[in-house]
Structure formats: structure tokens, C-alpha cells
Amino acid sequence: MLRRLLLLVATAMGLATVAQAQNSVTGTATFRERIAVLPGTTFTATLLDVSKQDVLATVVGDYQAADAGNPPYDFNIPYNASDIKESNTYVVRAELRREGTLLFTTDTAYPVLTRGAGDSVNIVMIKVPAARPAPPPPNSHGLELPQSFVGVLPCADCEGIRHHVDLWADGVFHMRREWLKGEESLTRDDLGQWTGAEDRAALILRGGAEAPMVFEVTGPATLRATDIDGNTIVSDLPYDLEGTGALEPTDIQTFMNGEVIYMADAMVFQECLTGRTYPVAMEADYLPLEQAYLANRSAPGAPLLSVIEGQIAEREGMEGGPRPTIVVDRFVRVAQDLTCERSRADASITENGLWTIQSLLGVPFEPVEGAREARLTILEGGTAWGASVGCNQMRGALTFGPDNAISFGPGAATMMACAPPLDQLERDLAQVLGSAASYQITGQTLELFDADGASIAIFEALYL
């Protein structure tokens, strides 16, 4: 009798274990478009733990249906109850793919299991815009690509300029340059597109913040730098960059413009100069970027132009294995009325133009109703400036130095009494212009920095 009782208890415990292992999240996914799904389309629903903001979401379980057919799609995602923590947050992501191309996906978080959510969910997916066809590769003049090129080129006031240039066959380049000055060494990174010159064997590199650079192709694995005007340098000094025989990409850190899209639990960043799309790592200054996107997007899943200072570095992807990823070191701002197409043309602070004030001393700038237009104006071919927050007019001389140095010289100003908050805003603007030591232009965004390198103001070009 006792043996039979123990057997019954053991059997019940085994059934309980099986039942626990067979816990599942169920639901239905669909989309609103009246589109017939082609054969070979795969539907996937994934249960994710999205509790931690600074790491990639953890896959708890998934469901996949090959050759899924037309919607709706019923799914059942098994999971182990011991993997679920009541303090964590879980969501379901759904997507439809054909031959590796993402057709539909979720753009909203669908919570389940904890924090009052149930174990069943109904999902509406959105259509992913079709990617533009890739342009034909540019003429590389016999250069073997992809490949990295390295070397130390001559420098007038330092020991040399160490170069690392990564070239891809599709016309994209990354570049790191280091001015060798001992403890005062300076490193600058850039990225953009290269084209083959039509009149000679040379490549033209157009990056994000500087004038184009020209390198002559002198062999299948050799580049030779030209002068600032693209002319051949006749010299015995070393002006050659040698190919490494393979692509050995270096991590780069620079200012970037990109159109951000946030899909429920993952963000992607389409970098404007290269057109390449990267996942965004949930680390460093990721959260301010996500919050700004959610507050300013025109519609769920809509692209929003964002300006960041960040890296393109290797990170582990959700599908496993490292892949190039955007790491946001510093979120600068979002721009609702800009696109990559417009931002590809860099504005210039050395030419006449108007700039709207976006922030002063780290505080977003809000124009005062009924006041004059608040502007920074570049005058006289970049040798003078004028500015106002909407009350008094200020004006002075403008000078530039090496390495993006800038100085807003003191000058004349009207002396009207300004009512709050214009009085404080005017003092902030005067402080910004008086302490500005350097600048950075990324697309249509101008950022000013003080002598310690701290960001003190952001402006946007009103027109080129």
C-alpha cells in the first residue's frame, strides 16, 4: 500500500514538472494591409525579457511557422516557468520574413506574464518599407577591395599622421587619423562614401565634417595622398598607405546623423552619410535617445533624424555572433523636420547663414511668444556674427583657428530692458558666445564647446 502511494506521489510530481515545462504564451498576429503572402514566408513570435535597459533583450522562448501563409497567425510560445521572475518585464515580438528580408514586424511593446499582464496577446504588425536598390559599385581603378590601408604620412608640426583607412567595394569608407604629438596626440575619426575619379586613377573620400580627401591609386594595394587641392605630391617623403591584404576594420568614434526607428524592443540607426543601417546597443547614452524618439516621432515606427556622438563597434547580435553596432556615447538631439536626404549637405559656419537656437547651457531653448525671432546670424562671409534671443541685438567679429577653434569677439549691442524670461536667456546666450572655444558641424547641426570641451550650445541651420 505504501509503495503504491509513493508511486502515485511520484507520478503526480512528474506530471507537475511536465506541466511546468509546458507553460506557454499564446496569441494571434496579423497586419492591416490587404496583401497576399507569398509562399516561403516565415512567421516568428519571440518571448523576450526586456527588463534591463543596458543589455540586449534575452530570448525566453520562440515559435516559428515556415511557409506561414496569410494572416492571422496563431502562435504558442513554450517557456519554463522557472525562467520567469515577477520583478522582470516580458514582451512578445512578432515578425514576417521571406528569404531573409523583413516584411512585417511589431512596432509596439506587447507585455505578457508579469506586472498585471496575462499569458495571451493579440498583435498587429506594421509593414516595413522596402529597401532601396543598391547603386552599382563605384570604379575602384583596380584597387583590391574590401581592404584596409595603413601608414604614417608627413606632418608639418608633429611627428607624423598615422592613418587607418577601411574601404568597402560598395563605396563606404571609415578612417582614423592620429596626429602624433606625444602626450598631446590628437585622434579624429570619419566615415562617408568614396567615388572613383573620372579623369585619373584616384579615389575621392567625402566624409562628415571636412573637405573631400583625394588618394591616388598607384597599385592594387597602394594609395598615395595628394595635396589639399587633389594634386600629385612630388616628394621623397612617405605619402603612401599600404594595403594590409584584407579588411581589418577599426572601431571609429565620431559625430553622426542618422534616421532612428524603434520597433517595440529594438532600435536601428540608418547612418546618413553611408546609408548603412546598424542596431543600437542598449548601453551608454542609449536611454536619452530612446526617450527623445518616443516623445518626438510622428507615428509609431516612423523614422526620426537624430544627432549623436558615438561609435561603430563590434557587439554580440541577438541572432548570435558579433556585428557592427552603434554605441551612443552622447545623445545630442533629434530633429523632427529633417531627413537624411537634407542632412547630407553640411551647413557651413564660415559662410553667411542663419541658425536657430536649439539649446543653451544644456537647456532646450523655447522661443518666447510675441518676441522677435531668436537667431544666430553669420555675416560678412564668416567674419562677423549677429545674435538675439528675441530682445536685444548683439554683434561682433568672428574668427577661426586650427582644429575647429572659434572665437565670437565682443562688439556692439542694443540696450533695451528685456522682460523675463528673455533677460535670462540673453545672459545665457552672451555667456555661450563669450566662452565658445571650438565647434562641430554635423549635417545641419552646429554645436559649440567651451575650453574644457563641454557642450554649451546647439544650433540648427535654417537654410544653406
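For the structure itself, look to the data block above.
Values in this document were obtained by computation on a predicted structure and should not be read as measured data. (Residues numbered from 1 in each chain as written. Predicted model: local features only at pLDDT ≥ 70, side-chain atom pairs only at ≥ 80, totals over all residues. Heavy atoms only, no water.)

Let us look at the overall build of the chain. Secondary structure summary: the chain contains 4 helices and 30 strands in total. Seen along its three principal axes, the alpha-carbon backbone of the chain occupies a region of about 100 × 65 × 50 Å. Counting every position in the chain, which comprises 464 residues, the buried fraction comes to 43%. Considering only contacts within the chain whose residues lie at least 6 apart along the sequence, 56% involve residues at least 24 apart. For the chain, the exposed area adds up to about 23,900 Å²; of that, 53% sits on carbon and sulfur atoms. (Helix = DSSP H or I, 4+ residues; strand = E, 2+ residues; numbered from the N terminus. Buried < 20%, exposed > 50% of the residue type's maximum accessible area, 1.4 Å probe, protein only. Contact = heavy atoms within 4.5 Å. Areas by Shrake-Rupley, 256 points an atom, 1.4 Å probe, with all protein chains shown as cover.)

Inspection of every chain in the model, using the stated rule, returns 3 disulfides. Covalently, C155 is tied to C158 through a disulfide, its sulfur atoms 2.1 Å apart. Of note, the bridge from C155 to C158 carries an S-S torsion of about 125 degrees and is right-handed in sense. Take C155 and C158: they sit in the same class, and that class is buried. Residue pairing for C272: its cysteine sulfur links by disulfide to C340, the two sulfurs lying 2.0 Å apart. Here the disulfide of C272 and C340 is left-handed, its torsion about the S-S bond being about -80 degrees. Here C340 lies in helix α3 (residues 340-343) and C272 lies in the loop between β18 (266-271) and β19 (277-279), a separation of 68 residues in the sequence. Here the chain pairs its bonded cysteines, counted in sequence order, in the arrangement 1-2, 3-4, 5-6. (Disulfide = S-S within 2.5 Å.)

If you check which residues of helix α2 (residues 286-296) are buried, you get Y286, L289, E290, A292 and Y293. Along α2, the residues classed as buried sweep out an arc of 165 degrees about the axis, all on the same side. Considering only its buried residues, α2 is in contact with β17 (252-263), β18, β20 (304-316) and β21 (322-335). (Arc of directions from axis to C-beta.)

Turning next to the sheet that holds strand β16 (residues 240-243). Within the closed barrel, the 8 strands sit side by side as β9-β10-β11-β12-β13-β14-β15-β16. Their pairing is antiparallel. Neighbouring strand axes in the sheet, compared pairwise and without regard to direction, differ in orientation by 30 degrees on average. Sheet topology places strand β9 (residues 147-153) next to β16; 2 bridges connect them, and they run antiparallel. Each bridged residue has a counterpart across the sheet, and for V150 the counterpart in β16 is E242. (Pairing = 2+ DSSP bridges. Axes fitted to C-alpha atoms, helices over the stretch in contact; angles between N-to-C directions.)

Moving on to the sheet that holds β18. Overall, antiparallel pairing links the 5 strands, which are arranged β19-β18-β17-β20-β21 in an open sheet. Looking at which strands have only one partner, the edges of the open sheet turn out to be β19 and β21. The mean inter-strand angle of the sheet, taken between neighbouring strand axes irrespective of direction, is 45 degrees. Of the strand pairs in this sheet, β20 and β21 are connected by 12 bridges, and their pairing is antiparallel. Residue pairing across strands places E316 opposite P322, the latter belonging to β21.

Take the environment of R162 next. Here R162 lies in strand β10 (residues 161-167). Taking C-alpha positions, R162 is 5.8 Å from G151, a pair spaced 11 residues apart along the chain.

Further remarks concern the packing of aromatic side chains. Scanning the entire structure with this criterion turns up 8 aromatic pairs. Seen in terms of ring centroids, F43 and F75 are 6.2 Å apart; in terms of plane orientation they differ by 35 degrees. Their pairing is tilted. A residue pair is termed long-range when its members are at least 10 positions apart, and F43 in strand β2 (residues 41-49) and F75 in strand β4 (residues 73-78) qualify at 32 residues. Judged by relative accessible area, F43 falls into the buried class, the value being 1%. Assessed through its relative accessible area of 4%, F75 is described here as buried. On the basis of an interplanar angle of 55 degrees and a centroid distance of 6.4 Å, the ring pair of Y262 and Y293 is categorised as tilted. Of this pair, Y262 sits in strand β17 while Y293 is found in helix α2, placing the two residues 31 residues apart along the sequence. Of the two residues, Y262 and Y293, neither departs from the other in class, the shared state being buried. Here the aromatic cluster, defined as three or more aromatic residues joined through ring pairs, consists of F43, Y63, Y73 and F75. The ring of W168 carries the charged tip of R276 above its face, separated from the ring centre by 4.4 Å. (Phe/Tyr/Trp six-rings, centres within 6.5 Å; stacked < 30°, edge-to-face > 60°. Lys NZ or Arg CZ within 6 Å of the ring centre and 35° of its normal.)

In this section: the pairing of strand β28 (residues 438-442). Along β28, 4 of the 5 residues are buried, which leaves the element largely enclosed by surrounding structure. Where β28 folds back onto strand β29 (residues 445-449) in an antiparallel hairpin, the turn is made up of 2 residues, including G443, whose phi is positive at roughly 65 degrees.

What follows is about the nonpolar core. Among the nonpolar cores identified, the biggest contains 32 residues, and W355, L376, F408, L446 and L448 are the most heavily contacted of them. The element best represented in this core is helix α4 (residues 422-435), accounting for 5 residues. Dropping the residues within four chain positions of it, L448 is found in contact with F408, V432, L433, A436, S438, Y439, A454, S455, I456, A457 and F459. Residues F43, L47, V92 and V112 belong to the second largest nonpolar core, which totals 23 residues. (Core = buried A, V, L, I, M, F, W, Y, C linked by side-chain atoms within 4.5 Å.)

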